[in-house]
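If you want the building blocks of each chain, they are given just below.
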Amino acid sequence: MSVTESSPAADGQPAPAADGQPNPTPAPTAPAPADAASVDVPLADAPAADVPPAPRKARRVLAAVARWTAAVVVFAGAGAGTAAWTTSLDRHEVPGLATEGDGRWEYPRLSLPALPEGSPRPFTDGNDGEVHHADARRLVLPAPAGAKVDPKADGAWVTTESFLSLYGEEDRAELRTALADSTLRHVAARAWSMPDGTRTTVHLLQFGSVAYAEAFKDEALDAGVAAAPGVLPRGVEAVVPEDYASVVDVPDTTLYAFREKKPYGPEQTRWAYLQTGDIVAVVSQVRAGEALAVPFQQTVTLQNQLLG
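Presented here is an overview of the structure given in this document. In this text the structure is predicted, and so the values were computed from the model without any measurement.

## Points about the overall build of the protein chain
- Within the protein chain one finds five helices and seven strands.
- Each helix and strand of the protein chain, placed in order from N terminus to C terminus, yields the pattern α-β-α-α-β-β-α-β-β-β-β-α.
- Put simply, the protein chain has 308 residues, and 32% of those count as buried.
- If you take every contact in the protein chain between residues at least 6 apart in sequence, the share linking residues at least 24 apart comes to 57%.
- When the accessible area of the protein chain is evaluated, it comes to approximately 18400 Å², of which 56% is carbon and sulfur surface.

## What to know about the nonpolar core
- Within the largest apolar cluster, 29 residues are counted, with the highest numbers of intra-cluster contacts made by L141, W192, L204, L255, F296 and V300.
- Elements with a contribution of two residues or more to this core: strand 2 (184–193), strand 3 (199–207), strand 5 (254–260), strand 6 (267–276), strand 7 (279–288) and helix 5 (293–307).
- Considering each element in turn, this core owes the most residues, five residues, to helix 5.
- Of all hydrophobic cores here, the second largest spans 27 residues; its members include L175, A191, F207 and L221.

## Some remarks on the pattern of salt bridges
- Counting across every chain of the model gives 10 salt bridges.
- Residue D218 is joined to K217 by a salt bridge in which the shortest nitrogen-to-oxygen separation is 3.5 Å.
- For K217, a relative accessible area of 5% gives the class buried.
- Its salt-bridge partner being R259, residue E242 comes within 3.1 Å of it at the nearest N-O pair. Remark: R259 occurs in strand 5 and E242 occurs in strand 4 (residues 239–242); sequence separation between them is 17 residues.
- Its relative accessible area of 27% is what places R259 among the partly exposed residues.
- Each of E242, R259 and R270 takes part in a single network of salt bridges with overlapping partners.

## So, the pairing of strand 2
- Where strand 1 (residues 148–158) and strand 2 come together, six bridges link them in antiparallel fashion. Counterpart to A156 in the pairing with strand 2 is A189.

## Some points on the sheet that holds strand 6
- Pairing is antiparallel across the open sheet formed by seven strands, whose spatial order is 1-2-3-7-6-5-4. Two strands close off the open sheet at either side, each with one partner strand: strand 1 and strand 4. For this sheet, the mean inter-axis angle between neighbouring strands, taken without regard to orientation, is 15°.
- Pairing geometry for strand 2 and strand 3, over nine bridges, is antiparallel. Bridging from a neighbouring strand, A188 pairs with L204 of strand 3.

Thresholds applied
Residues numbered from 1 in each chain as written. Predicted model: local features only at pLDDT ≥ 70, side-chain atom pairs only at ≥ 80, totals over all residues. Heavy atoms only, no water. Helix = DSSP H or I, 4+ residues; strand = E, 2+ residues; numbered from the N terminus. Buried < 20%, exposed > 50% of the residue type's maximum accessible area, 1.4 Å probe, protein only. Contact = heavy atoms within 4.5 Å. Areas by Shrake-Rupley, 256 points an atom, 1.4 Å probe, with all protein chains shown as cover. Core = buried A, V, L, I, M, F, W, Y, C linked by side-chain atoms within 4.5 Å. Salt bridge = Lys/Arg side-chain N within 4 Å of Asp/Glu carboxyl O. Pairing = 2+ DSSP bridges. Axes fitted to C-alpha atoms, helices over the stretch in contact; angles between N-to-C directions.

Dropping the structure here:
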C-alpha cells in the first residue's frame, strides 16, 4: 500500500471553495462490503484475531532454517571466490605446497627468475631459437621443506663430472665425449636428502642450441626408446617406463620417466629426462627399499613447469 503526503483536507476541515466560501460538507458514503476486492486494509489495522501468531516451535524452526540458509550462502560464496582465485593464477604463481597426508613434499612458492632486459622467455614470439635467457641456476627446482641440501650443489654451476656420476663407469667415457661434441655451455644442479632417506639430484644441462639439446637427449642418452633408455643410472639393470607425459602436461616440453624394475638391490631409483628448448634436465631420486612415486612425480612436474 502506497503512502502519500497529507493535504489540508486531511485535517478534518473542508477545503475553501474558489470564491472563498466553504464548500458544503459532503454526505458520508456507505462502506464497501467487507469482502470487496477493492478494500486495502493495512496489516496494522487488521483485527488481531485475523492474524494468529505463529507457534513458538514454528518460529524456532524458521529461525534455524534462516541461519543455515545464510551459512550455506556464505560458504558457497567463499568457495566460488577460491575457485576463481585459483583459476586466475598464472602457472609461475601456483604454489608447490604439499597436501597433508598425500605423500607430497612441501615446496616453496615457485616463481620464474628475472630476464635480462629485452630478452623474451622461451616459446614466446621473438624467441624462435627457444633459448632460456634466464640464469639456469635460477631455474633449478628449490629443495622442499625439511631437506638437507648438498652445499656443493645448491643451485650452483657444477662440473660435467658431477652429472656423469649419475651413471656407471662403463658409460661415462661415451657420455663425456658426447657432451664435449655438443656445445654444452654449462651445468647447474641442486641435490638434497629427505628425512625418509630419499636422495634427489636435479641437473640442468644448457646447450648452444635446441638442436644440440635434442641430439644429446635422443642419441647420447637414448631417452626416447620405448622399452628403456640406452644409458641407465648407476646400479640399475632393468627399468619400467612411466607414462608421466599424459599427466604432467606442460606445453613445449618433452618428458620421459622411468623406475627401476624389481627385483632390485637395497635401493630403488627413479629418474626422468626433460627437454625444453636448449635445456635438458635430469631428475633422479634414490631411496632405500622403494623410491616413492608421489614425491617423484611432484618433483618432476614442478621442475618441468619452471623450464616450460
